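Reading the structure
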Amino acid sequence: MQYIKECLQLLYWIYFKPYTLKQHVQAICPEIANPYEDSIYERSAKANTNLQLQRYDEQCWWLTVLVPIAAVFSYASLVEGIARLRSESIVFEFDWGVTSLFMLAWLVGHLVFLGIRIIGRLSEFFIFMVVAVAGELLIVTLLDITTKGLLSKEEVAMIGGMAFGVFGILLGGAGGVALEVAGGIASGIALGIELDMARGVMLFSLIFGVGLAVMLSMAISVDESVAVGVVLAMAVGFVGSLAYDALYGVVFFSCVMFSFLRIFFWLPELTWMLLLKLSPIPVIRCLPCLPPRFDQLIYLPIPFLPGFVAEAYQENQAAARQTIDYLITSTNQQKAARRAMSLISAEECKCCRTARDIAEIREQLSWLSEEPSPGLAACLNISQDVTAALEASTLYRQAQQLDKVLQRIDRQRTSLASASAREATSFGAVLDNWQGILQAARKTLREQAAQSDEIPQVYLAGPALDPNKAGPLFKGRRDLFRQIETLTLSAQHPTLVMHGGRRSGKTSTLNYLPKWLPSDILPLLIDGQSLAATSTLSGFAEEFADLITKSARKVHSLKLPALASVTTSDDPFVTLRRWLDAVEQAVPDKTLLLCLDEFERLDEIVRSTDSRAPLNFLRHLIQHRDSWTLLFTGVLTPEELPAYWSDYLINCETLRVSYLAEDDCLELIQHPVEDFPDIYPTPVAHAIRDLTGGQPYFTQLLCHELVEQLNRKKAKTVQMDDLQTVLPAVFERGYQVFREFWQSLTDPQRALLLAVAEAKTPSEEAMRAAPVLVRKEILAQQNGGWYFRVPLIYRWLLEEQGGLS
């Protein structure tokens, strides 16, 4: 009795709970890593020393033999009986004789193979190949013999049943149940239909009989074997319909699809879900009764399932999480599990009432999937940013960080438009709510900071200024913008070369160009360092197009054609020219201002590729593309470039990025942003300007350290003495910039600077470097003597004199 009970339980697991079956097999024999892919021969070898595995193997054998026979005859009897009751005449009649012979052959085939297994282990590969070829030949031969009438259909059924039985067993894995049912019963009955279609086999009986058989195959082989089995069966159906009879193919195809979708189980499960939905039973008590708990093979979506789990989460988080884990690991309802997690996360995010709640939501939802939905991923990232903002050292910095978070929310809301409508709606409402919460938190922080003794730290000494982050911190350069606009729109626009010293604001100027130029000029920024990182000509062409495309999208929200959208050529620059044609068509009536930052780095490409093709391409762009204007930006002037550059910088107009004018520099010092407190008396502001010479980076650096010192002292105004006190911190913070400046000079240039700093008479060789240092705005001459344009550099040289000499 216990043996029968175990067989019935095993049968239930085979039909409905394959993941549970897998756990059962692995508990019996842990050596079997994946019982669904383990071959029958390996199973037999292990069963010789494992009594539990041997018992399981025998049970699988009995089920393989008896279940298909019982299923076919049961459904055949049921359907034929129903047909007789509903009609006075015999509409459908099942051919019991032919089918009985076939089933007998099926049983004999299993017994024969059982004997082979007892005799000894055969070569799996050899048997597979031989039987596969023999099976295909047998199908064709039987159909041909039957057509010619050389054998009776009873004889053909006997031969076919035995052959398909053995063929199916040999192809089967995981305890001899994986494919033999589908291969033997389904193919055999389909052949029987073909032989006896005139007598009329009930289609409904066929669908359920073959459906159960194929489902049994799929239940054991859940992963690759499911796909292989279904595709194989459909292929056999289509081939059969083309080669022999259309009805054979249509019926077989319908059987497989009906069994694969398992509608005969899904419909009652759907009804059960509706009953649970309408019942007054608490949702948390319904979780153990959900259909996936009893049927792990459901492929079709189950309505209300995600909502059930999400609602239960509000009552019992542990139970809901356990249900989600079960859906992910032991069913085919992963989509439902992900949808439930999305509903849970959206509801939890909606419950946030303060900035602190938003910061903590990431930790609360840390148990969710490692691959969150786009909406949840956006919320988790924002939560992390809010956490970082609230951990900032001062109130002003907390408010500044929240500014960045609010900007990110705007970007995330736009990106959600590409997600599903349901996702965009759910998490779009969350982002709207969070935006209001964070705006209120930012306002509160600003009010608290204004009432405190803290001075806001707004100065940025370091990277190039970004309009989206630095905003009004960029000062001056209006004359430079007007020059670029005038030259770009001239009838014969020249090539522009904008040069200036390091950290003079060249890249920042390029970043702010789109805000100052009219809409008919389209600035496109290319980073020369990115181009220099390529080592091949094709890599250069691809990076060139990619940088332009990204710049258009980031700065102008403009989608340009991809390089892959044009016809390619063996020559990457031919492809690039075709792409330029597509770009010009995409933005007609626009002047495209190509801004190549750090253009001197192109020399590295010329050396690495031993080719001037990139420069020749740029020359083509200058001479033959009227809608394009090139703006080269770098440290060197055209006269300082290698000689071969003269062939490419034709009709060149140079622009200098100099130090800030006095008014612009004072504006940066005293009013870097709106509502900045008045901390600089006028004499102090002028002293700062004199010390930095209006050099943008050093001005930002000095003001940054002055604000830090005020906050440490709890003071409100910068005094003259503070300029001297803060210099060591300035030299320490800007040490790498000072060293980079020093190392960029030649030995004669260094000698001249040290002589001027020490008030010594420079040598004749050092004096020959004077014109270059004047052109670079490092030195200037007055009343027959030399002085530093940036006195801060002079002070650094005195400080570092021992280490530099």
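The rules behind each value
Residues numbered from 1 in each chain as written. Predicted model: local features only at pLDDT ≥ 70, side-chain atom pairs only at ≥ 80, totals over all residues. Heavy atoms only, no water. Helix = DSSP H or I, 4+ residues; strand = E, 2+ residues; numbered from the N terminus. Contact = heavy atoms within 4.5 Å. Areas by Shrake-Rupley, 256 points an atom, 1.4 Å probe, with all protein chains shown as cover. Buried < 20%, exposed > 50% of the residue type's maximum accessible area, 1.4 Å probe, protein only. Phe/Tyr/Trp six-rings, centres within 6.5 Å; stacked < 30°, edge-to-face > 60°. Lys NZ or Arg CZ within 6 Å of the ring centre and 35° of its normal. Arc of directions from axis to C-beta. Salt bridge = Lys/Arg side-chain N within 4 Å of Asp/Glu carboxyl O.

In the annotation of an unreviewed UniProt entry, the protein chain is listed under the name AAA family ATPase and assigned to Candidatus Electrothrix aestuarii.

Helix and strand counts for the protein chain stand at 39 helices and 7 strands. A fraction of 72% describes how many contacts in the protein chain between residues 6 or more apart in sequence connect residues 24 or more apart. Only carbon and sulfur atoms are counted for the fraction: they give 56% of the accessible area of the protein chain, which is about 38,500 Å².

Attention now goes to unusual backbone geometry. Phi is positive for D675, which is not a glycine, with a value near 65°. With respect to the secondary-structure elements, D675 resides in the loop between α29 (662–670) and α30 (682–692). In this structure D675 comes out as exposed when scored by relative accessible area, which is 72%. Of note in this structure, A759 is not a glycine but carries a positive phi near 60°. By the element assignment, A759 lies in the loop between α35 (747–757) and α36 (764–767). A residue is classified by how much of its surface remains accessible, and A759, at 71% relative accessible area, is exposed.

What follows deals with the packing of aromatic side chains. Note on aromatic pairs: each is described by the distance of the centres and the angle between the planes. Taken as a whole and judged by the stated rule, the model has 18 aromatic pairs. Geometrically, the ring pair formed by F481 and W516 is stacked, given 5.5 Å between the ring centres and 20° between the ring planes. Within this pair, whereas F481 is found in helix α22 (residues 478–488), its partner W516 is found in helix α23 (residues 506–516), the two being separated by 35 residues in sequence. Classification of F481 as buried rests on a relative accessible area of 3%. Note on W516: relative accessible area 40%, which makes it partly exposed. Here the aromatic cluster, defined as three or more aromatic residues joined through ring pairs, consists of Y697, F698, F731, F738 and W796. When the ring centre of Y326 is taken as reference, the NZ or CZ atom of R293 above it lies at 4.4 Å. R503 extends its terminal NZ or CZ atom over the ring of Y697, reaching a point 5.3 Å from the ring centre.

Below, the discussion takes up helix α17 (residues 355–364). Of the residues making up α17, those classed as buried are A355, I358, A359 and I361. Buried positions in α17, seen along its axis, are confined to an arc of 145° and lie on one side of it. Elements in contact with the buried residues of α17: α16 (334–350), α18 (374–390) and α20 (421–451).

The next subject is the pattern of salt bridges. Pairing of side chains with opposite charge becomes possible as their charged atoms draw close. Tallied over the entire structure, the rule returns 22 salt bridges. The salt bridge involving R356 is made with E391; its shortest N-O contact spans 4.0 Å. Of this pair, R356 sits in helix α17 while E391 sits in the loop between α18 and α19 (395–415), placing them 35 residues apart in sequence. With a relative accessible area of 56%, E391 lands in the exposed category. Residue R478 is joined to D664 by a salt bridge in which the shortest nitrogen-to-oxygen separation is 3.9 Å. Of the two residues, R478 sits in helix α22 while D664 sits in helix α29, which places them 186 residues apart along the sequence. The class of R478 is partly exposed, set by a relative accessible area of 42%. Each of D403, R442 and R446 takes part in salt bridges that share partners, so that together they form one network.

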